[in-house]
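Single-letter residue listing:
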Amino acid sequence: MTTQRTLGRSGAEVSALGFGCWAIGGEHRTADGQPVGWGRVDDDESVRAVRRALDLGVTFFDTADCYGTGHSEEILGRALGKRRDEVVLATKWGNVFDPDTRTLTGTDDTPEYARRALTASLRRLGTDHIDLYQLHLAAADPARAAELRDACEEFVREGLIGAYGWSTDDPARAAVFAEGPHCTAVQHALNVLQDAPALLELCERLELASVARSPLAMGLLAGRRGGALEAGDIRSRPPAWLPGYADDGSGADPRWLARIDAVREVLTSGGRTLAQGALAWLWARSPRTVPIPGFRTVAQAEENAGAMAKGPLTAAQLAEIDRLLDR
Ligand SMILES: NC(=O)c1ccc[n+]([C@@H]2O[C@H](COP(=O)([O-])OP(=O)(O)OC[C@H]3O[C@@H](n4cnc5c(N)ncnc54)[C@H](OP(=O)(O)O)[C@@H]3O)[C@@H](O)[C@H]2O)c1
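Conventions we followed
- Residues numbered from 1 in each chain as written.
- Predicted model: local features only at pLDDT ≥ 70, side-chain atom pairs only at ≥ 80, totals over all residues.
- Helix = DSSP H or I, 4+ residues; strand = E, 2+ residues; numbered from the N terminus.
- Expected span 1.5 Å × (residues − 1).
- Bend = angle between axes of the 7 residues up to and from the residue.
- Buried ≥ 20, exposed ≤ 12 C-beta atoms within 10 Å, placed from the backbone.
- Contact = placed C-beta atoms within 7 Å.
- Near = placed C-beta within 6 Å.
- Nonpolar A, V, L, I, M, F, W, Y, C, P; charged D, E, K, R; others polar.
- Core = buried A, V, L, I, M, F, W, Y, C linked by C-beta atoms within 7 Å.
- Pairing = 2+ DSSP bridges.
- Axes fitted to C-alpha atoms, helices over the stretch in contact; angles between N-to-C directions.
- Right-handed = clockwise from strand over helix to strand, strands pointing away.
- Parallel < 35°, antiparallel > 145°, perpendicular 65-115°, else oblique.
- Left-handed = near helix turned anticlockwise from the far one by under 90°.

**Thoughts on helix H7 (residues 254-267)**
Right, so step 1: With 14 residues, H7 extends 19 Å between its outermost C-alpha atoms, agreeing within 8% with the 20 Å of an ideal straight helix rising 1.5 Å per residue.
Right, so step 2: At Asp261, H7 is deflected by roughly 35°, the largest bend along its length.
Right, so step 3: Along H7, the residues classified as buried are Trp256, Ile260, Val263, Val266 and Leu267.
Right, so step 4: Check the buried side of H7 and you find it contacts helix H8 (274-285) and helix H11 (315-324).

This is how it looks when you write it as structure tokens:
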């Protein structure tokens, strides 16, 4: 049974499983037409899925201002409604976007923009404070980020945010933010097929939460294999930073599927589905991790929340997975 985790230095107790709200933002693109959403969504189903998650004990939700160019925050705010204070709410800033054309238009790493972005997120989410505010620019200049860290400390003093973190896969960058006393998390890619030992070591040493994004390898660890993806789905035309899907839009990369097949039996032990096994691996990997799988349906919400009752894999199973994957 894995139901609660502490969110880094903040001391906040959250459900061991968070919900990632990228996919429910719906379609959006970069200025040159690259899809960066997950295709069409049914907003009413998204709202039902969030509320089902609440009823199943999920108390941590991660979104970003740019997901669906504001739409994800609006839907999450609508779904939470009066229950907002039951949850720890995380969002991100740094990407600039135009909601009218649903286009990402650039980035802004200035403290002035951070304040404007925060004000807009509060409005869309229908709240007066964000519990975890995250810098979304994974490769931002560390010197500029130090100024943003100090701006976040000011937001904490003003009561606008509770804590903050950097969404980056680079331990050196994460360490720059961690110098601020109210930095409490790093958000980074982590799943059975993409380990991140250096970042996890940093989280353990500096008492930060590892908010594990793409915990299901963007659907592959939930059973997605071949099959056409709709044109508005980022996985149909994966940018260079997105692994696991073939460049030609044909779907899953066969090398990833072979690695999943190699560990399937261990992951599906104890009556777990594949997705539940992938989440169980993350809880076993470090006491700091809080996975945030994406979702679009009530059925996915139920299956993913159901992983908590089955708990983490054992140390022996983790070692077996490393052996099977030649790590
Ligand atoms: N900071 C960043 O730069 C960054 C980057 C990526 C993600 N994130 C965050 O991390 C969250 C999760 O990562 P992710 O969106 O990359 O992907 P993920 O969690 O690895 O995969 C989520 C996708 O898997 C499928 N899925 C989920 N549960 C399932 C189930 N029980 N059965 C079958 N399919 C299931 C759904 O897609 P289909 O049904 O369409 O297959 C879902 O959208 C995001 O929502 C976002 O909050 C942040």
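**Concerning the site of the ligand**
Right, so step 1: Near the ligand there are 28 residues, and of these Gly20, Trp22, Gly219, Ala222 and Gly294 occur at the shortest range.
Right, so step 2: Element by element, the count of residues in the shell around the ligand is highest for helix H9 (residues 298-305), at three residues.
Right, so step 3: Residue composition of the shell around the ligand, grouped by class: 13 nonpolar, ten polar and five charged.

**Examining the environment of Gln276**
Right, so step 1: The topology assignment puts Gln276 in helix H8.
Right, so step 2: Assessed through the 22 C-beta atoms surrounding it within 10 Å, Gln276 is described here as buried.
Right, so step 3: Taking the C-alpha atoms as reference points, Gln276 and Ala172, separated by 104 residues in sequence, lie 31 Å from one another.
Right, so step 4: Gln276 has contacts with Glu303, Gly306, Ala307 and Lys310, leaving out every residue within four places of it along the chain.

**Some thoughts on the nonpolar core**
Right, so step 1: Membership of the largest hydrophobic core comes to 101 residues, with the highest contact counts inside it found for Leu221 and Val290.
Right, so step 2: Not counting the four nearest positions on each side in its chain, Leu221 is found in contact with Asn191, Val192, Leu216, Ile260, Leu274, Ala275 and Ala278.

**Quick word on the sheet that holds strand E4 (residues 29-30)**
Right, so step 1: Read from one edge of the open sheet, three strands run E4-E8-E7, paired in mixed fashion. The sheet is open, and its two borders are formed by E4 and strand E7 (95-98), each paired with just one other strand.
Right, so step 2: Inspection of the sheet shows E7 paired to strand E8 (residues 103-107) by four bridges, in the antiparallel sense. In the strand pairing of E8, Asn95 is matched with Thr107.

**Re the sheet that holds strand E6 (residues 88-93)**
Right, so step 1: Read across the sheet, eight strands follow the order E3-E5-E6-E9-E10-E11-E12-E13 without closing on themselves; strand pairing throughout is parallel. Edge positions in the sheet fall to strand E3 (19-20) and strand E13 (289-291), since each has one partner strand and no second.
Right, so step 2: With four bridges connecting them, E6 and strand E9 (residues 130-135) associate as parallel partners. Among the inter-strand pairings, Lys92 is bridged to a residue of E9, identified as Gln134.
Right, so step 3: Across the sheet, H8 lies against strand E12 (209-213) and E13, angled at about 165° from E13, the strand it touches most.

**A short note on the pairing of strand E10 (residues 161-167)**
Right, so step 1: Within E10, seven of the seven residues are buried, leaving the element largely enclosed by the surrounding structure.
Right, so step 2: Judged from the five bridges that link them, E9 and E10 form a sheet pairing that is parallel. Counted as the bridge partner of Tyr133 is Tyr164 from E10.
Right, so step 3: As paired elements, E10 and strand E11 (residues 183-189) share four bridges and run parallel to each other. Bridge pairing in E11 places Ser167 opposite Gln187.
Right, so step 4: Taking the sense of rotation as the criterion, the β-α-β connection linking E10, helix H5 (residues 171-178) and E11 turns out right-handed.

**Here's the deal with the packing of helix H3 (residues 111-125) against helix H4 (residues 142-157)**
Right, so step 1: Running from N to C, H3 and H4 cross one another at 40°; their axes reach a closest spacing of 9 Å. One way to sum up the angle between H3 and H4 is to call them oblique. Read as a crossing pair, H3 and H4 show a hand that is right-handed. For the pair formed by H3 and H4, the contact residues are Pro111, Ala114 and Leu118 on the first element and Glu147, Leu148, Ala151 and Phe155 on the second.

**Topic: the environment of Val176**
Right, so step 1: Relative to the helices and strands, Val176 is located in helix H5.
Right, so step 2: Considering only alpha carbons, one finds Val176 and Trp166, ten residues apart in sequence, at a separation of 9.2 Å.
Right, so step 3: Among all residues touching Val176, those that are not within four sequence positions of it are Pro142, Ala145, Ala146 and Arg149.

The values reported here are purely geometric and, on their own, carry no functional implication.
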